[in-house]
Amino acid sequence: MQLSNFKYKTRKAPDYRHGEQVSFLDIKDTFGIGSIRVGSWVNSEEKDLAANLIFDSLADLAFFLAFQLRLSACVAI
């Protein structure tokens, strides 16, 4: 899925996911978030894109704030 109307299409930060697709379960486990809900109207392509963008955003924030993350086996920072 392309972000045609997205203002900043090119991310200029470390690739924390190493190009891998992450899920909302990965986000919960890595960042210690208790619950994430996605509406039933969101299709799977949009969910995948949202999960990647959210993961990257939270990883950037954790990096800047120097947090230790609980890393899953599939995601290495």
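Conventions used here
- Residues numbered from 1 in each chain as written.
- Predicted model: local features only at pLDDT ≥ 70, side-chain atom pairs only at ≥ 80, totals over all residues.
- Heavy atoms only, no water.
- Helix = DSSP H or I, 4+ residues; strand = E, 2+ residues; numbered from the N terminus.
- Buried < 20%, exposed > 50% of the residue type's maximum accessible area, 1.4 Å probe, protein only.
- Arc of directions from axis to C-beta.
- Contact = heavy atoms within 4.5 Å.
- Polar contact = N/O pair within 3.5 Å; in protein donor to acceptor, adjacent residues only side chain to side chain.
- Core = buried A, V, L, I, M, F, W, Y, C linked by side-chain atoms within 4.5 Å.
- Phe/Tyr/Trp six-rings, centres within 6.5 Å; stacked < 30°, edge-to-face > 60°.

Describing unusual backbone geometry
Within the chain, His18 stands out as a residue other than glycine whose phi angle is a positive 55°. Along the chain, the position of His18 falls in the segment before α1 (24-31).

Some words on α1
Within the span of α1, buried status applies to Phe24, Asp26, Ile27, Thr30 and Phe31. Here the buried residues of α1 occupy an arc of 150° about the axis, which is enough to place them on one side. Tucked inside the fold, the buried residues of α1 contact α2 (44-65). For α1, the N-terminal capping position is held by Ser23, with its side-chain oxygen 3.3 Å away from the main-chain nitrogen of Leu25.

Digging into the nonpolar core
Tyr16, Val22, Phe24, Ile27, Phe31, Ala51, Phe55, Ala59 and Ala62 form the largest nonpolar core, which has 9 residues in total. Taken together, the elements giving at least two residues each to this core come down to α1 and α2. If one sorts the elements of this core by residue count, α2 sits on top with 4 residues.

Comments concerning the packing of aromatic side chains
A ring pair, where both rings are aromatic, is described by two values, the distance of the centres and the angle of the planes. Under the criterion given, the structure shown has 2 aromatic pairs. Residues Phe31 and Phe55 carry aromatic rings whose centres are separated by 5.1 Å and whose planes lie at 65° to one another, so their mutual orientation is edge-to-face. Within this pair, whereas Phe31 is found in helix α1, its partner Phe55 is found in helix α2, the two being separated by 24 residues in sequence. Accessibility classification places Phe31 together with Phe55 in one group, the buried group. On the basis of an interplanar angle of 65° and a centroid distance of 5.7 Å, the ring pair of Phe63 and Phe64 is categorised as edge-to-face. Looking at Phe64, the relative accessible area reads 64%, which means it is exposed.

As for the environment of Gly19
You can see Gly19 is positioned in the segment before α1. Each C-alpha atom of the pair Gly19 and Asn52 lies 9.4 Å from the other, and the pair is 33 residues apart in sequence.

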